[in-house]
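If you want the building blocks of each chain, they are given just below.
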Amino acid sequence: MNGLTYNKYMGWLANANSTFQYYNLWSVWTNFPGTQLLPNFECFAFDWVSFLKLRDLGVNFYTNVTVKQGFISLYSASAPTKVNINDPSTNNLVVSFYETLELHYKQLGWVGFFLELFTILEEGIFYVRADNSYYRVVLDNFPYFGIHFVDVPLPK
């Protein structure tokens, strides 16, 4: 990559932060691999849009190189339902959901987080933030969630 391309990329990068404002950890799938119902947007997703921008700017990648994507997916048979976060009762449900996750994480670290996650899986309802909206996800496809590591080839 030459200096001109680098400078163009850096200009894009400065603006990308306003385009990709939200970190969305959870993706929702029917199963994996299956149909994605709601995408996530986390570190790899940002890296991927960066690779695509660099490609669009003329950067050539080695086509035999793959990168490893790791992500957590929730499994649902139905599409997530957008909730009205401005409704006080819905807001209380969503805030309580995330406060409980945070409390267990603060008390017991990742062990507490995953213990609470298993409780949530038993109850079958999960709230996911995607961009500036929240969605109610019914976890009804066993095993309800998965942690995946897949090889993704660099863009051509």
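Predicted model only: the values in this text are computed from it and were never measured.

For the rest of this paragraph, the subject is helix α2 (residues 43-56). Count 3.6 residues to each turn of an α-helix, and residues three or four apart come out pointing the same way. Between its first and last C-alpha atoms α2 spans 20 Å; for 14 residues at 1.5 Å apiece the expected length is 20 Å, and the two agree. Of the positions making up α2, those classed as buried are F44, A45, V49, S50, F51 and L54. Those residues of α2 that are buried are in contact with α1 (3-19), β3 (66-75) and β7 (145-153). The N-cap of α2, judged by a side-chain oxygen 2.9 Å from the amide nitrogen of F44 a few residues on, is E42. Once α2 ends, the next one or two residues include G58, with phi positive near 105°.

If you walk across this open sheet you meet the four strands as β2-β1-β3-β7, and the pairing is mixed. Unpaired on one side and paired on the other, β2 (36-38) and β7 mark the two borders of the sheet. Strand-to-strand twist of the sheet, defined as the mean angle between neighbouring strand axes without regard to direction, takes the value 50°. Note: β3 against β7, nine bridges, orientation antiparallel.

Let us now look at the pattern of salt bridges. Taken as a whole, this structure holds two salt bridges when the rule is applied. As a salt-bridge pair, R55 and D56 come within 3.1 Å of each other at their nearest N and O atoms. Here D56 falls in the exposed class, since its relative accessible area comes to 52%. Across the salt bridge formed by K68 and D151, the nearest N and O atoms sit 3.0 Å from each other. Residue K68 is located in strand β3, and its partner D151 is located in strand β7; the two are separated by 83 residues in the primary sequence.

Here is what the cut-offs are and how they apply
Residues numbered from 1 in each chain as written. Predicted model: local features only at pLDDT ≥ 70, side-chain atom pairs only at ≥ 80, totals over all residues. Heavy atoms only, no water. Helix = DSSP H or I, 4+ residues; strand = E, 2+ residues; numbered from the N terminus. Expected span 1.5 Å × (residues − 1). Buried < 20%, exposed > 50% of the residue type's maximum accessible area, 1.4 Å probe, protein only. Contact = heavy atoms within 4.5 Å. Polar contact = N/O pair within 3.5 Å; in protein donor to acceptor, adjacent residues only side chain to side chain. Pairing = 2+ DSSP bridges. Axes fitted to C-alpha atoms, helices over the stretch in contact; angles between N-to-C directions. Salt bridge = Lys/Arg side-chain N within 4 Å of Asp/Glu carboxyl O.

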